Amino acid sequence: MSTTSTTQTLHNNASIERPRSGTWDGGNEPFKASYGKLMMWFFLLSDAFTFAAFLTTYGLMRHRHLAFTGDHKDFVFSTAYWPIPDKVFNSFPGLHGMDLPLAFVALMTMILIFSSVTMVLAVEAGHRMDKADVQKWLLWTLLFGATFVSCQAWEWSHFIAGTDEGTKMLDGTIFHGANLQMNQYGPVLFADLFFFITGFHGTHVFSGLVLLTYCFIATTNGTFEKRGHYEMVEKVGLYWHFVDLVWVFVFTFFYLV
Amino acid sequence: MAHHATDHTQPTGEIQKPVTGWIWKTFFVLVGITALEFAVTFIMDPSTLRNSILIVLTIFKAFFIVAEFMHLKHETKGLIWTILVPMALLVWLMVALITEGSAIGEAIYNAFK
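Residues numbered from 1 in each chain as written. Chains lettered and ligands numbered in written order. Predicted model: local features only at pLDDT ≥ 70, side-chain atom pairs only at ≥ 80, totals over all residues. Heavy atoms only, no water.

The name recorded for chain B in an unreviewed UniProt entry is Cytochrome C oxidase subunit IV family protein, from Hymenobacter nitidus. In the Subcellular location (unreviewed entry) part of its UniProt record, chain B is described as follows: "Cell membrane". (UniProt positions renumbered as here; feature names shortened; annotations may be inferred.)

Per an unreviewed UniProt entry, chain A carries the name Cytochrome c oxidase subunit 3 and comes from Hymenobacter nitidus. UniProt, in the comment section headed Sequence similarities (unreviewed entry), describes chain A in these words: "Belongs to the cytochrome c oxidase subunit 3 family." We quote the UniProt Subcellular location (unreviewed entry) comment for chain A here in full: "Cell membrane".

Shown next as structure tokens:
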């Protein structure tokens, strides 16, 4: 009883002349972050839900299908079990017919991590109000980002075209590559999830490139310099790192595990 | 007036020298963990242990990206928890539905036996 009344007294102390001024009473920033940055964080959180839904679906579907139990070197494509990723993703542009498990995806991962580094460098340059440095690092980030999307385009076209040998399907015909109804690598859902997960991620990278292009133009025009801060670069940076973060998970759950 | 991070910005005039040591350190950590992931994938045979190691390494990588590159480590505690708690619930969702997937698979294969 006494505790309750004490709390009430504390609250009743506030008046028009002396308003409450606690952390959550308004008029200040409890998270000490600007509106724009906070909203970017909450958007990214909601985007994380979407990607988590995709990856959870992948996990569910993978466990719903049988796993290949034989020896790794005896693996052949079949719709009867889920394929081993390093048997599917083993090609490299310009090196036709060679078995290079996960080499290309390793390169793509490195490119994306590197683009994240150049992005932090751009944000760091923005804190110092160094216009030339911001421009330089934004251009590098754009270059690496565009390279990543191009790599993904190659990966997709190779996945769709398939291998020279193809796989004998249940109806006895040889099928090469993949579409949403049929694929030579394994169960139908394997290709579907590949298209949806890497496609959704690729779309995010593309959106990031659009935002980076805007940032580069605005930096060059001196918009941020006149504004007195490069917070927009920081917010786009948060988005860009998130895209890298998603790739870290896609990489593990789709290509490694 | 828009509020923004004024603690780093400074009036126009002299431009400070860049401080990038921590960025490159984080970069080498990320590259190192990625290399380790590849090593684990090719050295070990597929098993629950291998997958667990890979997932733990992935979470390490995610920590460095979010804490350092996205600067979350240096934000207020309230913001850190606001982001982390929903993510923890997603891990629960994932574990639950993967278990569910095994159950559905078993039910289907047993039905056609």
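Resuming the write-up.
Brief notes about the UniProt feature "transmembrane region" (unreviewed entry) in chain B
All names here are of chain B. Cross-referencing UniProt, the feature "transmembrane region" (unreviewed entry) maps to residues 22–40, 52–72 and 78–98 in the present numbering. Helix and strand shares over residues 22–40 are 100% and 0% respectively, and the end C-alpha atoms of the span are 27 Å apart. Counting secondary structure, residues 78–98 comes out at 100% helix and 0% strand; the distance between its end C-alpha atoms is 31 Å. (Helix = DSSP H or I, 4+ residues; strand = E, 2+ residues; numbered from the N terminus.)

Digging into the nonpolar core
Counting 93 residues, the largest nonpolar core has Phe89, Phe159, Phe190, Val233, Trp247, Phe254 and Tyr255 of chain A as its most contacted members. The element contributing the most residues to this core is helix 8 (residues 231–256) of chain A, with 17 residues. Two domains share this core, each providing at least three of its residues, namely domain 1 (18–74) and domain 2 (75–113) of chain B. The contact partners of Tyr255 of chain A, leaving out residues within four places of it in the chain, are Pro85, Phe89, Leu102, Val105, Glu155, Phe194, Thr198, Trp247 and Val250 of chain A. (Core = buried A, V, L, I, M, F, W, Y, C linked by side-chain atoms within 4.5 Å. Buried < 20%, exposed > 50% of the residue type's maximum accessible area, 1.4 Å probe, protein only. Domains from an automatic or database assignment. Contact = heavy atoms within 4.5 Å.)

Overview of the UniProt feature "domain: Heme-copper oxidase subunit III family profile" (unreviewed entry) in chain A
Residues annotated in UniProt with the feature "domain: Heme-copper oxidase subunit III family profile" (unreviewed entry) correspond here to residues 20–257 of chain A. Structurally, residues 20–257 of chain A comprises 65% helix and 2% strand, and the distance from its first C-alpha atom to its last is 54 Å.

With respect to the packing of aromatic side chains
Aromatic ring pairs are defined here through the distance separating the ring centres and the angle between the ring planes. Residue and element names in this part refer to chain A. Scanning the model with the defined rule gives 45 aromatic pairs over all chains in all. Taken together, a centroid distance of 5.4 Å and an interplanar angle of 85° make the contact between Phe92 and Phe104 edge-to-face. Taken together, the positions of Phe92 in the loop between helix 3 (85–88) and helix 4 (103–127) and Phe104 in helix 4 put the pair twelve residues apart, joining distant regions of the chain. (Phe/Tyr/Trp six-rings, centres within 6.5 Å; stacked < 30°, edge-to-face > 60°.)

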